[in-house]
Amino acid sequence: MDIPALSMALSQNKVLNDFGVAMLSKSLDNLQDMGEAMVETMDASMELSVNPNLGANFDIRI
């Protein structure tokens, strides 16, 4: 049994696993930010659909 080679393989496996976890964490953070932005956009459009005439017209006198 080649102990140094086994140790090297286990070390590389741990590094790759840690990298994968870090990438998944970053992806989840990005998706959460995108979801929050989508909710804010939906809230803004909901306000417009409830009051469609609000802010659409204004009177000016010169």
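Because the structure is predicted, anything quoted here is derived from the model rather than measured.

A. Focus on the pattern of salt bridges. Across all of its chains, the model carries 1 salt bridge by this definition. The shortest N-O distance in the salt bridge between D18 and K14 comes to 2.9 Å. Taken together, the residues D18 and K14, both in helix α1 (residues 3–50) and 4 residues apart, mark about one turn of the helix. Taking relative accessible area as the criterion, D18 reaches 40% and is therefore assigned partly exposed. K14 gets classed as exposed once you look at its relative accessible area, which sits at 53%.

Cut-offs applied
Residues numbered from 1 in each chain as written. Predicted model: local features only at pLDDT ≥ 70, side-chain atom pairs only at ≥ 80, totals over all residues. Heavy atoms only, no water. Salt bridge = Lys/Arg side-chain N within 4 Å of Asp/Glu carboxyl O. Helix = DSSP H or I, 4+ residues; strand = E, 2+ residues; numbered from the N terminus. Buried < 20%, exposed > 50% of the residue type's maximum accessible area, 1.4 Å probe, protein only.

In short, geometric facts, not functional conclusions.
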